[in-house]
Amino acid sequence: QQTALPEAEEAIPLTPQTIDLESGSVTRTVPLAVNDQSQPDDCEPNGPETKSANELHNEMVEEKLLSLRGKSLGEVVRCLFKIQERRVSAYRRFDDDLRGVLASTSPLHQYPSFCAQATRSFADLSSEATAARRALEDSEDLSLKDLGQAAAQLIGRVQDLEGQKLTLTAANHLDQIRKYQLEVVGDADPTCAKPEILRTLEMNISSSQQKLTDIVSAINELLEELLCESADM
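What counts and what doesn't
- Residues numbered from 1 in each chain as written.
- Predicted model: local features only at pLDDT ≥ 70, side-chain atom pairs only at ≥ 80, totals over all residues.
- Heavy atoms only, no water.
- Helix = DSSP H or I, 4+ residues; strand = E, 2+ residues; numbered from the N terminus.
- Salt bridge = Lys/Arg side-chain N within 4 Å of Asp/Glu carboxyl O.
- Buried < 20%, exposed > 50% of the residue type's maximum accessible area, 1.4 Å probe, protein only.
- Axes fitted to C-alpha atoms, helices over the stretch in contact; angles between N-to-C directions.
- Parallel < 35°, antiparallel > 145°, perpendicular 65-115°, else oblique.
- Nonpolar A, V, L, I, M, F, W, Y, C, P; charged D, E, K, R; others polar.
- Expected span 1.5 Å × (residues − 1).
- Core = buried A, V, L, I, M, F, W, Y, C linked by side-chain atoms within 4.5 Å.
- Contact = heavy atoms within 4.5 Å.
- pLDDT = per-residue confidence, 0-100.
- Left-handed = near helix turned anticlockwise from the far one by under 90°.
- Phe/Tyr/Trp six-rings, centres within 6.5 Å; stacked < 30°, edge-to-face > 60°.
- Lys NZ or Arg CZ within 6 Å of the ring centre and 35° of its normal.

Novice: For this particular structure, what's the right way to read unusual backbone geometry?
Specialist: Leave glycine aside and you will find that most residues have negative phi; peptide bonds, for their part, are mostly trans. Its identity is not glycine, yet Ser-104 carries a phi of approximately 65°, on the positive side. With respect to the helices, strands and loops of the structure, Ser-104 is situated in the loop between α2 (73-102) and α3 (111-137).

This is the structure we're talking about:
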(Lines give C-alpha, C1' and ligand atoms only; values in the text may rest on other atoms or scores of the structure.)
Protein backbone atom coordinates (compact mmCIF):
# COMPACT_ATOMS: atom_id res chain seq x y z
CA GLN A 1 0.00 0.00 0.00
CA GLN A 2 1.37 3.40 -0.95
CA THR A 3 1.63 6.26 1.49
CA ALA A 4 -0.31 9.46 0.88
CA LEU A 5 1.84 12.55 0.56
CA PRO A 6 0.74 16.03 1.59
CA GLU A 7 -1.52 17.78 -0.92
CA ALA A 8 -2.81 14.49 -2.31
CA GLU A 9 0.49 13.39 -3.84
CA GLU A 10 1.50 9.74 -3.73
CA ALA A 11 4.77 8.32 -2.52
CA ILE A 12 6.68 6.62 -5.29
CA PRO A 13 8.09 3.15 -4.61
CA LEU A 14 11.85 3.39 -4.66
CA THR A 15 14.62 0.89 -5.26
CA PRO A 16 18.36 1.39 -5.80
CA GLN A 17 19.46 1.88 -9.38
CA THR A 18 22.37 0.90 -11.54
CA ILE A 19 22.80 3.04 -14.62
CA ASP A 20 24.20 1.82 -17.91
CA LEU A 21 26.20 4.71 -19.34
CA GLU A 22 26.28 3.22 -22.82
CA SER A 23 22.57 2.67 -23.31
CA GLY A 24 21.31 5.31 -20.90
CA SER A 25 19.10 2.69 -19.25
CA VAL A 26 18.35 2.31 -15.56
CA THR A 27 18.15 -1.08 -13.87
CA ARG A 28 16.81 -1.48 -10.34
CA THR A 29 17.80 -4.01 -7.72
CA VAL A 30 15.96 -5.01 -4.54
CA PRO A 31 16.82 -2.54 -1.73
CA LEU A 32 18.43 -3.55 1.53
CA ALA A 33 15.93 -3.62 4.41
CA VAL A 34 13.15 -2.04 2.33
CA ASN A 35 10.29 -4.38 1.59
CA ASP A 36 8.74 -2.48 -1.30
CA GLN A 37 9.80 -4.36 -4.43
CA SER A 38 7.43 -2.71 -6.89
CA GLN A 39 9.06 -1.40 -10.05
CA PRO A 40 7.15 1.44 -11.74
CA ASP A 41 7.82 1.93 -15.43
CA ASP A 42 8.31 5.69 -15.09
CA CYS A 43 11.62 5.19 -13.26
CA GLU A 44 13.02 3.39 -16.29
CA PRO A 45 13.30 6.06 -19.00
CA ASN A 46 14.75 3.96 -21.77
CA GLY A 47 13.92 0.44 -20.61
CA PRO A 48 16.44 -2.36 -20.21
CA GLU A 49 19.51 -2.45 -22.40
CA THR A 50 18.73 -3.48 -25.95
CA LYS A 51 20.72 -3.91 -29.12
CA SER A 52 19.22 -0.75 -30.56
CA ALA A 53 20.35 1.21 -27.50
CA ASN A 54 23.90 -0.07 -27.94
CA GLU A 55 23.76 0.78 -31.62
CA LEU A 56 22.62 4.28 -30.74
CA HIS A 57 25.54 4.65 -28.33
CA ASN A 58 27.99 3.45 -30.98
CA GLU A 59 26.54 5.86 -33.52
CA MET A 60 26.96 8.73 -31.07
CA VAL A 61 30.58 7.73 -30.46
CA GLU A 62 31.26 7.59 -34.20
CA GLU A 63 29.61 10.98 -34.68
CA LYS A 64 31.75 12.51 -31.94
CA LEU A 65 34.84 10.86 -33.43
CA LEU A 66 34.19 12.67 -36.70
CA SER A 67 34.07 15.98 -34.86
CA LEU A 68 37.46 15.21 -33.28
CA ARG A 69 39.10 14.30 -36.57
CA GLY A 70 41.97 16.62 -37.41
CA LYS A 71 42.45 17.77 -33.83
CA SER A 72 45.81 17.35 -32.14
CA LEU A 73 46.13 15.01 -29.18
CA GLY A 74 46.39 18.02 -26.89
CA GLU A 75 43.14 19.41 -28.27
CA VAL A 76 41.41 16.06 -27.72
CA VAL A 77 42.56 16.01 -24.10
CA ARG A 78 41.27 19.56 -23.63
CA CYS A 79 37.92 18.39 -25.00
CA LEU A 80 37.92 15.68 -22.32
CA PHE A 81 38.47 18.26 -19.60
CA LYS A 82 35.51 20.26 -20.92
CA ILE A 83 33.43 17.07 -20.77
CA GLN A 84 34.44 16.65 -17.13
CA GLU A 85 33.38 20.24 -16.39
CA ARG A 86 29.98 19.50 -17.90
CA ARG A 87 29.77 16.34 -15.80
CA VAL A 88 30.31 18.42 -12.67
CA SER A 89 27.49 20.74 -13.76
CA ALA A 90 25.22 17.77 -14.51
CA TYR A 91 25.84 16.32 -11.05
CA ARG A 92 25.13 19.71 -9.51
CA ARG A 93 21.77 19.87 -11.30
CA PHE A 94 20.95 16.30 -10.28
CA ASP A 95 21.77 17.05 -6.63
CA ASP A 96 19.81 20.31 -6.77
CA ASP A 97 16.80 18.37 -8.05
CA LEU A 98 17.09 16.02 -5.08
CA ARG A 99 17.38 18.92 -2.64
CA GLY A 100 14.22 20.41 -4.13
CA VAL A 101 12.37 17.16 -3.45
CA LEU A 102 13.68 16.86 0.10
CA ALA A 103 12.85 20.51 0.81
CA SER A 104 9.33 19.95 -0.57
CA THR A 105 9.85 22.63 -3.23
CA SER A 106 9.51 19.97 -5.96
CA PRO A 107 6.82 17.25 -5.96
CA LEU A 108 8.16 13.82 -5.10
CA HIS A 109 6.57 12.28 -8.17
CA GLN A 110 8.82 14.44 -10.36
CA TYR A 111 11.98 12.68 -9.20
CA PRO A 112 11.77 9.87 -11.81
CA SER A 113 11.77 12.50 -14.57
CA PHE A 114 14.77 14.22 -12.94
CA CYS A 115 16.49 10.84 -12.88
CA ALA A 116 15.65 10.20 -16.54
CA GLN A 117 17.04 13.59 -17.58
CA ALA A 118 20.24 13.03 -15.62
CA THR A 119 20.66 9.52 -17.02
CA ARG A 120 20.41 10.78 -20.58
CA SER A 121 22.85 13.62 -19.87
CA PHE A 122 25.43 11.28 -18.37
CA ALA A 123 25.00 8.79 -21.22
CA ASP A 124 25.68 11.55 -23.75
CA LEU A 125 28.74 12.72 -21.82
CA SER A 126 30.00 9.15 -21.60
CA SER A 127 29.69 8.79 -25.38
CA GLU A 128 31.74 11.95 -25.86
CA ALA A 129 34.42 10.75 -23.44
CA THR A 130 34.55 7.37 -25.18
CA ALA A 131 35.04 9.17 -28.49
CA ALA A 132 37.92 11.16 -26.99
CA ARG A 133 39.54 7.96 -25.76
CA ARG A 134 39.12 6.36 -29.18
CA ALA A 135 40.61 9.42 -30.89
CA LEU A 136 43.71 9.15 -28.71
CA GLU A 137 44.01 5.41 -29.31
CA ASP A 138 43.65 5.79 -33.07
CA SER A 139 46.03 8.71 -33.45
CA GLU A 140 48.25 8.50 -36.54
CA ASP A 141 50.86 10.81 -35.03
CA LEU A 142 53.60 8.22 -34.52
CA SER A 143 55.80 10.65 -32.60
CA LEU A 144 53.11 10.90 -29.91
CA LYS A 145 51.71 7.38 -30.17
CA ASP A 146 52.87 6.30 -26.71
CA LEU A 147 51.54 9.49 -25.09
CA GLY A 148 48.22 9.05 -26.84
CA GLN A 149 47.91 5.46 -25.65
CA ALA A 150 48.79 6.45 -22.08
CA ALA A 151 46.23 9.25 -22.12
CA ALA A 152 43.58 6.92 -23.55
CA GLN A 153 44.19 4.45 -20.72
CA LEU A 154 43.77 7.23 -18.16
CA ILE A 155 40.48 8.27 -19.75
CA GLY A 156 39.33 4.66 -19.65
CA ARG A 157 40.03 4.54 -15.92
CA VAL A 158 38.18 7.83 -15.45
CA GLN A 159 35.22 6.38 -17.34
CA ASP A 160 35.16 3.32 -15.08
CA LEU A 161 35.16 5.51 -11.98
CA GLU A 162 32.49 7.78 -13.43
CA GLY A 163 30.28 4.75 -13.94
CA GLN A 164 30.73 3.75 -10.30
CA LYS A 165 30.11 7.33 -9.21
CA LEU A 166 26.83 7.57 -11.10
CA THR A 167 25.52 4.26 -9.77
CA LEU A 168 26.42 5.26 -6.20
CA THR A 169 24.83 8.68 -6.67
CA ALA A 170 21.56 7.15 -7.85
CA ALA A 171 21.50 4.72 -4.90
CA ASN A 172 22.36 7.53 -2.47
CA HIS A 173 19.56 9.71 -3.83
CA LEU A 174 16.99 6.98 -3.49
CA ASP A 175 18.09 6.13 0.04
CA GLN A 176 17.67 9.81 0.95
CA ILE A 177 14.20 9.91 -0.60
CA ARG A 178 13.16 6.71 1.18
CA LYS A 179 14.40 8.25 4.44
CA TYR A 180 12.37 11.37 3.65
CA GLN A 181 9.29 9.24 3.04
CA LEU A 182 9.64 7.54 6.40
CA GLU A 183 10.50 10.66 8.43
CA VAL A 184 8.30 13.31 6.82
CA VAL A 185 5.52 11.44 5.09
CA GLY A 186 5.30 8.40 7.34
CA ASP A 187 4.66 4.81 6.37
CA ALA A 188 1.19 3.35 5.91
CA ASP A 189 2.34 -0.12 6.92
CA PRO A 190 1.79 -0.48 10.70
CA THR A 191 4.13 -3.48 10.77
CA CYS A 192 6.97 -1.49 9.20
CA ALA A 193 10.11 -1.63 11.36
CA LYS A 194 10.65 2.09 10.89
CA PRO A 195 13.55 2.68 13.36
CA GLU A 196 15.50 -0.27 11.96
CA ILE A 197 14.93 0.80 8.36
CA LEU A 198 15.92 4.38 9.16
CA ARG A 199 19.15 3.20 10.76
CA THR A 200 19.90 1.04 7.74
CA LEU A 201 19.18 3.91 5.36
CA GLU A 202 21.36 6.30 7.38
CA MET A 203 24.22 3.80 7.27
CA ASN A 204 23.74 3.31 3.54
CA ILE A 205 23.72 7.07 2.93
CA SER A 206 26.84 7.62 5.01
CA SER A 207 28.64 4.72 3.34
CA SER A 208 27.77 5.80 -0.21
CA GLN A 209 28.75 9.40 0.52
CA GLN A 210 32.16 8.27 1.76
CA LYS A 211 32.61 6.07 -1.30
CA LEU A 212 31.64 8.99 -3.53
CA THR A 213 34.22 11.20 -1.82
CA ASP A 214 36.88 8.55 -2.43
CA ILE A 215 35.86 8.14 -6.08
CA VAL A 216 35.93 11.90 -6.72
CA SER A 217 39.41 12.04 -5.19
CA ALA A 218 40.57 9.17 -7.42
CA ILE A 219 39.09 10.84 -10.52
CA ASN A 220 40.86 14.10 -9.71
CA GLU A 221 44.17 12.28 -9.32
CA LEU A 222 43.73 10.66 -12.73
CA LEU A 223 42.84 14.02 -14.29
CA GLU A 224 45.97 15.58 -12.81
CA GLU A 225 48.00 12.73 -14.28
CA LEU A 226 46.27 13.23 -17.62
CA LEU A 227 47.09 16.94 -17.49
CA CYS A 228 50.75 16.10 -16.98
CA GLU A 229 50.70 13.61 -19.86
CA SER A 230 49.14 16.19 -22.17
CA ALA A 231 51.82 18.80 -21.46
CA ASP A 232 54.06 17.21 -24.10
CA MET A 233 51.33 16.80 -26.72
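Past the structure itself, the notes keep going.
Novice: Looking at this structure, how should I read the pattern of salt bridges?
Specialist: With the rule as written, the count across this model stands at 8 salt bridges. The closest approach of N and O atoms between Asp-96 and Arg-99, which form a salt bridge, is 2.4 Å. One end of the pair, Asp-96, and the other, Arg-99, are both in helix α2, 3 residues apart, so they sit about a helical turn from each other. Residue classification places Asp-96 among the partly exposed positions, given a relative accessible area of 40%. For Arg-99, a relative accessible area of 48% corresponds to the partly exposed category. In this structure, Arg-133 engages Glu-137 in a salt bridge whose closest nitrogen and oxygen atoms are separated by 3.1 Å.

Novice: Explain the packing of α2 against α3 to me, please; I cannot follow it from the model alone.
Specialist: The axes of two packed helices give the description: the angle between them and the distance between them. Contact geometry for α2 and α3: axes closest at 10 Å, N-to-C directions at 170°. Of the possible angle classes, the one that applies to α2 and α3 is roughly antiparallel. The residue inventory of the contact of α2 with α3, partitioned by class, reads 20 nonpolar, 1 polar and 4 charged.

Novice: Whenever I open this one, α3 confuses me. Can you help?
Specialist: Helical geometry note: an α-helix holds 3.6 residues per turn, so side chains three or four residues apart project in the same direction. Taking 1.5 Å of rise per residue, the 27 residues of α3 would be expected to cover 39 Å, and the 39 Å separating its terminal C-alpha atoms lies within 8% of that figure. Taken across its 27 residues, α3 has 19 buried, putting it largely inside the fold.

Novice: Would you take a moment to explain the nonpolar core for this structure?
Specialist: Among the nonpolar cores identified, the biggest contains 42 residues, and Leu-80, Tyr-111, Phe-122, Leu-136, Ile-177, Ile-219 and Leu-226 are the most heavily contacted of them. Elements supplying a minimum of two residues to this core: α1 (51-68), α2, α3, α4 (145-185) and α5 (194-230). The element contributing the most residues to this core is α3, with 11 residues. Not counting residues up to four positions away in its chain, the partners in contact with Ile-219 are Gln-84, Val-158, Leu-161, Glu-162 and Lys-165.

Novice: Sorry, what's going on with α2 here?
Specialist: Helix length check: α2 (30 residues) gives 44 Å between terminal C-alpha atoms against 44 Å at 1.5 Å per residue, within 8%. With its phi angle positive at about 65°, Ser-104 sits one or two positions after the end of α2.

Novice: Explanation requested: the confidence of the model for the protein in the structure shown.
Specialist: As a note on interpretation, predicted positions should not be read in detail where pLDDT is low. Of all residues in the protein, 73% attain a pLDDT of 70 or more, and the chain-wide mean is 78. Within the model, pLDDT remains below 50 along residues 1-48, and this stretch shows 117 contacts once partners closer than five positions in the same chain are excluded.

Novice: Where do I start with the packing of α2 against α5 in this structure?
Specialist: Two elements in contact, α2 and α5, have axes separated by 11 Å at closest approach and are oriented at 155°. If you check the angle between α2 and α5, you find them roughly antiparallel. The element α2 and its partner α5 pack so that their crossing is left-handed. Contacts from Val-77, Leu-80, Phe-81 and Gln-84 of α2 reach α5 at Ile-219, Leu-223, Leu-226, Leu-227 and Ser-230. Grouping the amino acids of the contact of α2 with α5 by side-chain chemistry returns 7 nonpolar, 2 polar and no charged.

Novice: Mind showing me how you'd approach the environment of Thr-119 here?
Specialist: Structurally, Thr-119 can be placed in helix α3. Residue Thr-119 is classed as buried on the basis of its relative accessible area of 1%.

Novice: Looking at this structure, how should I read the side chain of Asp-175?
Specialist: Locating Asp-175 in the fold gives a position in helix α4. Residues in contact with Asp-175, not counting those within four places in the same chain, are Leu-201, Asn-204 and Ile-205.

Novice: Explanation requested: the environment of Asp-214 in the structure shown.
Specialist: Considering the arrangement of structural elements, one finds Asp-214 in helix α5. Residues Asp-214 and Lys-165 lie 49 residues apart in sequence; the distance between their C-alpha atoms is 9.7 Å.

Novice: Looking at this structure, I do not really get the packing of aromatic side chains. What am I missing?
Specialist: How two aromatic rings sit relative to each other is given by the distance of their centres and the angle of their planes. Tallied over the entire structure, the rule returns 2 aromatic pairs. Here the aromatic rings of Tyr-91 and Phe-122 are separated by 4.4 Å at their centres, their planes lie at 40°, and the arrangement is tilted. Of this pair, Tyr-91 sits in helix α2 while Phe-122 sits in helix α3, placing them 31 residues apart in sequence. For Phe-122, a relative accessible area of 3% corresponds to the buried category. Here Phe-94 and Tyr-111 contribute two aromatic rings whose centre-to-centre distance is 6.2 Å and whose plane-to-plane angle is 15°, an arrangement assigned as stacked. Here Tyr-111 lies in helix α3 and Phe-94 lies in helix α2, a separation of 17 residues in the sequence. Using a relative accessible area of 1% as the deciding quantity, one classes Tyr-111 as buried. Across the ring face of Tyr-91, the terminal group of Lys-165 is positioned such that the distance to the ring centre comes to 4.0 Å.

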